[in-house]
Amino acid sequence: MKQRVTSELRKNDSGAVAATYALSLTALVAIAGVAFDYARLAGMDSELQNGADQAALAGATQLDKEDGACARATNAAIALLNNETLLANDIGERSVQINSGNVIAVADDTCTGTTGVIFWQDKAKTTPATTDETAGFIEVRVDARIAEYAFTPVVGALNSGNVDAAAMAGLGSSICKVPPLMICSPTPGAPFLAENRVGWGVKATGHGGASWAPGSFGFLEVGSGQTADLVRALAYGDANLDCSPIDGTTVEPGNAQDLFRAINTRFDIYDFSSGAGTTLGPCLGGLCPPAPNTTKDLVNTNTNFNGNNACKIGNSGWKLPTNRFSPAARDVGTETVDTLHDADGLLDAIGLTRDLCHYNSYNTACNSLTGLTGLDEDPESKFGPGNWARGDYFGLNHGTTPSALGAQNWTRYQTYLWEQGLFGTGGSPANPSPANGQRPAPVCQPASTGDIDRRLLTVAIVSNCEDINPSGSVIIEIDEWVEMFLVEPIVDDTTERANGRDQDVVYMEVVGPSTVGDDGGGGVQNVRRDVPYLVE
């Protein structure tokens, strides 16, 4: 009997689990403790990082390049850092604070001296910013904190050690409510400096399938990036599209014919059919108003402008006059500001002319007059010095000479404003012979009102056009935003093509640098929006 009981005990293993559990209990507690304390550590890290992120974003809102930007950014970062970390338990302190032990060794000026707040010129953090003007990004580092572990000491760790956080932010800017036009710089290796080129004529050409060169134009991507969105941006008074980034965007080619028709609406030309299903059709309902002064070198003898073709380009609508402006070859010895340049002296109508060197009949390359020889293709250089036919224009439209009005140095834009009483003393609307059909004021649609001038464009001068590829994937580098004045509508005509004018050319005049971004405002007609964003 005793032998049988002993044998059964040897075979009975019902108590083995308890022993195994007892042996593994320490390891299980250690694993659970590590998981619990790791969650505390991760939570504290998130609290610190959130604090750093908010401080960096608050500081970035002040990086406007103006005096005091660094000081304002630093104060904003410190003042708005009101996070608390509930999972840190060192010294009983809960608030997240700017790091007081980190100093970067740079020159002693307005953007240094505050520990834990560092300013950089670039995202890569290769060059510290030493002035308000160069401060493009702010980096914030917060105090290191310690989380005392609850269970991890079982495996030999008492606390997390120092845990800190850092964040970097910049100010992303967009330009809104303006057509997204860009032009390749004539001096890609140097700043454009629009303030030194006020009045210059620009012959902006579509690049087609060729390589991009000085004077080639295209469009910054807007909306969904489709041509229809670009057409709306150019034609509509309010296209209601996404804004264009001030930097860091791609480019679209500029050779779709609807884009040129869209620009012509600003001259009271509506060269398309109505229809709700078309992009430009709604323009005939007033969505694409012309400028208040549309004096141009086209005539229209209709008396009723409600007809199907009355506002199109063609024999039944707008057309070039029989006797159009065509300057004679340049005569250095006799030309003055009052010179009548038209070759035969017969003019039915004249608008604000392009630069004289942009007429083939003038027989002088623009680049020989601007000092840009070698940058443009001879003889059709794209940038002229601003020498236009003032004598012919004032003689026909105002019956006087530029000198008599003191207008010998006026730009085309200043003349345009003077005719509306917005420049100089007095002002006088263009008064051509109505029998010829020249129309100084809109007749097809009501003129635009408000602060937006439909004859002005805010144009990006791009400095890396040689890098633009056919796919349009290259991020362009914008050297400067420039206000430009639309000189004449886009017209395709055999005779005009022979004299330098084609359907894929936009003639403009440099008005001056745009004030995009000054004090959060805008230029003559643009609106800037600034949004801070995290870099890291």
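Counting restarts for each chain: residues are numbered from 1 in the order of the written sequence. Restriction of local features to residues with pLDDT of at least 70 applies here, the model being predicted, together with a cutoff of 80 or more for giving and counting side-chain atom pairs; totals for whole chains, interfaces and linings are based on all residues. Computation of side-chain values: all heavy atoms of the structure, hydrogens and water removed.

A. The arrangement of the pairing of strand E11 (residues 478-486) in detail. When a residue's accessible area, from a 1.4 Å probe over protein chains only, is under 20% of the maximum for its type it is buried; when over 50% it is exposed; and in between it is partly exposed. Here a helix means four or more residues in a row that DSSP labels H or I, a strand means two or more in a row labelled E, and each is numbered from the N terminus. Among the nine residues of E11, eight are classified as buried, and the element is accordingly described as predominantly covered. Note: strand E10 (residues 456-462) against E11, seven bridges, orientation antiparallel. By the bridge assignment, Leu457 is partnered in E11 with Met484. Only strands joined by at least two bridges in the DSSP assignment are considered to pair. Sheet analysis places E11 next to strand E12 (residues 505-513), joined by five bridges and oriented antiparallel. By the bridge assignment for E12, Glu483 is matched with Gly512.

B. Structural context of the pairing of strand E6 (residues 216-220). Summarising burial for E6: five of the five residues are buried, a large majority. By the bridge criterion, three bridges tie strand E4 (residues 181-184) to E6 in an arrangement that is antiparallel. Bridged to Met182 within E6 is Gly218. As paired elements, strand E5 (residues 201-206) and E6 share two bridges and run parallel to each other. Across the sheet, the residue bridging to Thr205 is Ser216, located in E6.

C. Region of the structure containing the side chain of Glu496. By secondary structure assignment, the location of Glu496 is in helix H10 (residues 494-498). For Glu496, a relative accessible area of 5% corresponds to the buried category.

D. The packing of aromatic side chains, seen in detail. Any Phe, Tyr or Trp ring, taking Trp's six-membered ring, that has another such ring centre within 6.5 Å forms a pair; planes under 30 degrees apart are called stacked, those over 60 apart edge-to-face, and the others tilted. All chains considered together, the criterion is met by 12 aromatic pairs. Each ring, one from Phe325 and one from Tyr359, has its centre 5.3 Å from the other, and the planes form 85°; the classification is edge-to-face. Highlighted residues: Phe325 in the loop between helix H5 (257-264) and helix H6 (367-370) and Tyr359 in the loop between H5 and H6, separated in sequence by 34 residues. Residues Phe325 and Tyr359 agree in their burial class; the two are buried. The interplanar angle of 55° and the centroid separation of 5.6 Å between the aromatic rings of Tyr413 and Phe485 together place this pair among those described as tilted.

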